[in-house]
Amino acid sequence: MKVIGFVMLLAASFCFAQEPGDFRPATSNVLDAQFPKVDSNSRVQIRFKAPDATKVKLNFWSGPKVDMEKQADGFWTFTTATMAPGLHYYTVIVDGGGEDETGWTRQGKANFILDNLIASGKTKPMIIVMANGYANRAGYVVPDLTGRPFGSPEFMKVMQERMGAFEDDMTQVLIPFVDKTFRTIPDRDHRAMAGLSMGGMQTFQVTFNHLDLFSYIGGFSGAANVFMMGNNKLDTKTAFHGAMADPAAFAKRVHLLWIGVGTDEPERMKAGLESLHASLDEAKIQHVFYESPGTNHEWQTWRRDLKDFAPRLFQAPTQPAASAR
């Protein structure tokens, strides 16, 4: 299980007396929540109740995962080093679980973002479907990847298997269900797909394998995995089954190719997406490249991505969008 949280460090919070352990509840806490706490030295104290857990890790996106310490009362605790003022997004990982599709409404506030955009006339009314990306085929057992780093052959094999299962579920089950259940316009000109991080990788795989189904593509801090890792330069003549070999034809077929990244994201990830953008520019592939200033691999980035991406969908045909920063 992965639990999402955030802490707001304000300058005013640092006016306490300079005493050891002068921790007080963060000003951003909900209701009467006592944790996380902040002290006058900008340290954060986090507490999480999981009496039956065997291992709990704390992860700030810009730092390493650290082990929390279990207390006798069933709470796990950790105190950070001094942190910069501002909003910090963190996860508590309990016995190795992960985030799910509800993050788009719980942390991403996608419903409010779209409601506001629609109310202001900046975007067209649309149906948004949020699917769980952790798909498995019936009978498939995920192997133990303990000690296998991200990017290892074993890790990539599992990722490709699960991404393939998600692709089949999306195209063979989910889309037909949505078109049957809701009042959609069931053609590629009125269908878009976007995702964040792993969802961005899934988006590129699904859409470029099924351009008969999609004409709007968005990668929020994510794209094809080889570019995400910064290992490859895009060969537009051969990549994605040659879909980009003719830039003019691609621009007519794909109404929007959109890529976003936070300026403070992990360097390897950021460099991979910047390299993809540069390769698309060099090959004169029409696309939009958006940079969220001062944000990391976190919901603040992806909220801004959605706000920029959504108004570009399903608009009257115009000249293809130029690359933008």
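This is a predicted model, so every value here is computed, not measured. Counting restarts for each chain, with residues numbered from 1 along the sequence as it is written. Only residues with pLDDT of at least 70 are given local features in this predicted model, and only at 80 or more are side-chain atom pairs given and counted; all residues enter the totals for whole chains, interfaces and linings. The side-chain values count all of the structure's non-hydrogen atoms but skip hydrogen atoms and water molecules.

### A few points about the overall build of the protein
Within the protein, the secondary structure is distributed over nine helices and 13 strands. Summary of the burial criterion: residues with accessible area below 20% of their type's maximum are buried, those above 50% are exposed, and those between are partly exposed, where the area comes from a 1.4 Å probe applied to protein chains only. A burial count over the protein gives 45% of its 325 residues as buried. In the protein, 66% of the contacts between residues at least 6 apart in sequence involve partners at least 24 apart. Accessible areas in this description were obtained via Shrake-Rupley with a 1.4 Å probe; residue shielding takes into account the shown protein chains only. Accessible surface computed for the protein: about 17100 Å², of which carbon and sulfur atoms make up 54%. A run of DSSP states H or I qualifies as a helix once it reaches four residues; a run of E qualifies as a strand once it reaches two. Both are numbered from the N-terminal end. Here, two residues are considered to be in contact whenever any of their heavy atoms come within 4.5 Å of each other.

### Side note on the sheet that holds strand 8 (residues 75–79)
Should DSSP find at least two bridges between two strands, the strands are regarded as paired. In spatial order, the strands read 2-3-4-8-7; together these five strands make up an open sheet with antiparallel pairing. Of all strands in the sheet, those with a lone pairing partner are strand 2 (24–25) and strand 7 (69–70), marking the two edges. For strand 3 (residues 37–38) and strand 4 (residues 44–49), the ladder comprises two bridges, and the chain directions are antiparallel. Its bridge partner lying in strand 4, Lys 37 is registered against Gln 45.

### A few points about the confidence of the model for the protein
Summary statistics for the protein give a mean pLDDT of 85 and a share of 86% for residues scoring 70 or more. Throughout residues 318–325 the model reports pLDDT below 50, and contacts reaching past four residues in sequence, or to other chains, amount to 18 contacts. Residue-level confidence of the predictor, termed pLDDT, takes values from 0 up to 100.

### A closer look at the environment of Ser 28
One can find Ser 28 in the loop between strand 2 and strand 3. With a relative accessible area of 22%, Ser 28 lands in the partly exposed category. Linking Ser 28 and Leu 87, residues 59 residues apart in sequence, is a C-alpha distance of 9.1 Å.

### Some words on the environment of Asp 67
Topologically, Asp 67 is positioned in strand 6 (residues 65–67). The class for Asp 67 is partly exposed, based on a relative accessible area of 45%. Between N or O atoms, a polar contact is any pair within 3.5 Å; within protein, one atom must be a potential hydrogen donor and the other a potential acceptor, and residues adjacent in sequence are included only when both atoms are from side chains. A distance of 2.9 Å separates polar atoms of two side chains, one belonging to Asp 67 and the other to Lys 57.

### Focus: the sheet that holds strand 10 (residues 192–196)
If you walk across this open sheet you meet the four strands as 10-11-12-13, and the pairing is parallel. A strand with exactly one partner marks an edge of an open sheet, and here the two such strands are strand 10 and strand 13 (288–292). Going from strand to strand, the sheet's axes swing by 10 degrees on average, the running direction of each strand aside. Every axis corresponds to a line fitted to the C-alpha atoms, with the helix fit spanning only the stretch in contact, and the corresponding angles, defined between N-to-C directions, vary from 0 to 180 degrees. In the packing of helix 4 (residues 198–209) onto the sheet, contacts are made with strand 10, strand 11 (216–220) and strand 12 (256–262), and the angle to strand 10 comes to roughly 150 degrees. Its contacts with the sheet put helix 9 (residues 299–309) on strand 10, strand 11, strand 12 and strand 13, and the angle it makes with strand 12 is roughly 155 degrees.

### Quick notes on the packing of helix 2 (residues 110–119) against helix 9
Across the interface, helix 2 lies against helix 9 with an axial gap of 10 Å and an inter-helix angle of 30 degrees. As the angle between them shows, helix 2 and helix 9 are arranged roughly parallel. Crossing of helix 2 over helix 9 shows right-handed handedness. Contact residues: helix 2 offers Ala 110, Ile 113, Leu 114 and Leu 117, while helix 9 offers Arg 303, Leu 306 and Lys 307. The labels follow the angle: roughly parallel below 35 degrees, roughly antiparallel above 145, roughly perpendicular from 65 to 115, and oblique for the rest. Two helices crossing with the near one rotated counterclockwise from the far one by less than a right angle form a left-handed crossing, whereas a clockwise rotation gives a right-handed crossing.

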